[in-house]
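# Coordinates in review
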Amino acid sequence: MNGDFLPGLRVRRSEQGQGGVLMALVGELDVHTSSQLREAVVTAVLPGSSRLVRLDLSEVTYCDAGGLYSLLGVTDALEMIGVPVEITSISPAVRAVTDTTDLGARLPLRRTTDGREDDLASGTL
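Residues numbered from 1 in each chain as written. Predicted model: local features only at pLDDT ≥ 70, side-chain atom pairs only at ≥ 80, totals over all residues. Heavy atoms only, no water.

## Focus: the pairing of strand 4 (residues 53-63)
Of the strand pairs in this sheet, strand 3 (residues 21-29) and strand 4 are connected by eight bridges, and their pairing is parallel. Residue pairing for strand 4: Glu28 is matched across the bridge by Tyr62. Two strands pair when backbone bridges link them, and strand 4 and strand 5 (residues 85-90) are joined in this way by five bridges, in the parallel orientation. Bridging from a neighbouring strand, Arg54 pairs with Glu86 of strand 5. (Pairing = 2+ DSSP bridges. Helix = DSSP H or I, 4+ residues; strand = E, 2+ residues; numbered from the N terminus.)

As structure tokens, this is what we get:
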């Protein structure tokens, strides 16, 4: 796993099979770290690539609405250029903000086959 240190936010990146990448966000996801999040994601995805990006938010210790809106912007931009994105797990800090802002419905959260979010009790979607 590669680790890119970002003040307040650390991104651990690991290559997945078939050209995918898993990015684990550790620390704070807020308005102050949003530009660093964008930079880390952009460097992980090559231009013209259609590799799957999986985001693990289970180790996010602090999250605000600005951080989630930045995350939404990043995921929307990737999907617009044909890069599929999936959020595989979220922390209680992220869940609290998705619940109060209703952004959970707009983020690419991994869903069960019947369309529901996976069990969040363990922090995994």
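Next comes the rest of the description.
## What to know about helix 3 (residues 92-101)
Within helix 3 the residues assigned to the buried category are Val94, Arg95, Val97 and Thr98. Taken around the axis of helix 3, the buried residues stretch over an arc of 165°, which confines them to a single face. Among the exposed residues of helix 3, those oriented more than 90 degrees off its buried face are Pro92 and Thr100. Just beyond helix 3, the residue with positive phi is Asp102, at close to 60°. (Buried < 20%, exposed > 50% of the residue type's maximum accessible area, 1.4 Å probe, protein only. Arc of directions from axis to C-beta.)

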